[in-house]
Amino acid sequence: MASKSDYFGLPYIVSVILAIIPFTAWLFGFITRFMEGKIIAGIIRLIGLGFILWIVDLIMMIVSKHILRLLPV
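None of the values given here were measured: they were computed from a predicted structure.

### Observations regarding the environment of Phe8
- Within the element layout of this structure, Phe8 appears in the segment before helix H1 (12-20).
- Exposure remark for Phe8: the relative accessible area of 36% places this residue in the partly exposed category.
- Through-space distance from the C-alpha of Phe8 to that of Ile31 is 9.3 Å; in sequence the pair is 23 residues apart.
- Contact partners of Phe8, with chain neighbours within four places excluded, come to Phe28, Ile31, Thr32 and Met35.

### A few points about the environment of Val16
- Inspection of the secondary structure assignment puts Val16 in helix H1.
- Discounting residues that sit within four places of it in the chain, Val16 has contacts with Leu58, Met61 and Ile62.

### Here's the deal with the environment of Arg69
- On the secondary structure map, Arg69 appears in the segment after helix H4 (50-64).
- Each C-alpha atom, one on Arg69 and one on Lys38, is 9.9 Å from the other, the two residues being 31 residues apart in sequence.

### A short note on the packing of helix H2 (residues 22-35) against helix H3 (residues 39-47)
- In the contact formed by H2 and H3, the axes pass within 7 Å of each other and the chain directions differ by 165 degrees. Considered as vectors, H2 and H3 are oriented roughly antiparallel to each other. Like other packed secondary-structure pairs, H2 and H3 cross with a definite hand, here left-handed. When H2 is examined against H3, the residues Trp26, Gly29, Phe30, Arg33 and Phe34 are found in contact with a partner set consisting of Ile39, Ala41, Gly42, Ile43, Arg45 and Leu46.

### Focus: H2
- Under the 1.5 Å per step criterion, the end-to-end length of H2 is 20 Å for 14 residues, consistent within 8% with the ideal 20 Å.
- Among all positions in H2, only Thr24, Ala25, Phe28, Gly29, Phe30, Thr32 and Arg33 are buried.
- Looking one or two residues beyond H2, the residue adopting positive phi is Gly37, at roughly 85 degrees.

What counts and what doesn't
Along every chain, residues carry numbers that run from 1 in the direction the sequence is written. Only residues with pLDDT of at least 70 are given local features in this predicted model, and only at 80 or more are side-chain atom pairs given and counted; all residues enter the totals for whole chains, interfaces and linings. For the side-chain quantities, the full set of heavy atoms in the structure was used; hydrogens and water were omitted. Comment: elements are numbered from the N terminus, with helices defined as DSSP H or I runs of at least four residues and strands as E runs of at least two. Exposure classes here rest on a 1.4 Å probe applied to the protein chains alone. A residue is buried below 20% of its type maximum, exposed above 50%, and partly exposed in between. The contact criterion used throughout is that any non-hydrogen atoms of two residues lie within 4.5 Å. Only C-alpha atoms enter the line fits that serve as axes; for helices the fit covers just the stretch in contact. Angles between N-to-C directions range over 0 to 180 degrees. Any angle from 65 to 115 degrees is called roughly perpendicular, while one under 35 is roughly parallel, one over 145 is roughly antiparallel, and all others are oblique. By convention, the crossing between two helices is left-handed when the near helix turns anticlockwise from the far helix through less than a right angle, and right-handed when the turn is clockwise. A helix is expected to reach a length of 1.5 Å times the quantity of its residues less one.

What follows is the structure, given as structure tokens:
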């Protein structure tokens, strides 16, 4: 059975493929943080650090199956 990961509970391989595409990684990271109730973290993902967070999210998704939690609060 495929394990679930961060992007809306999608299977891990689908989430990794979506994380590889910069626009979907940026958009889904933003939506995921808002769905978790982390408004500030969502805004940070929306307006800044786009490329850096994309690279870090991609690495984190492959290694730990979760995107980076920049602000855990």
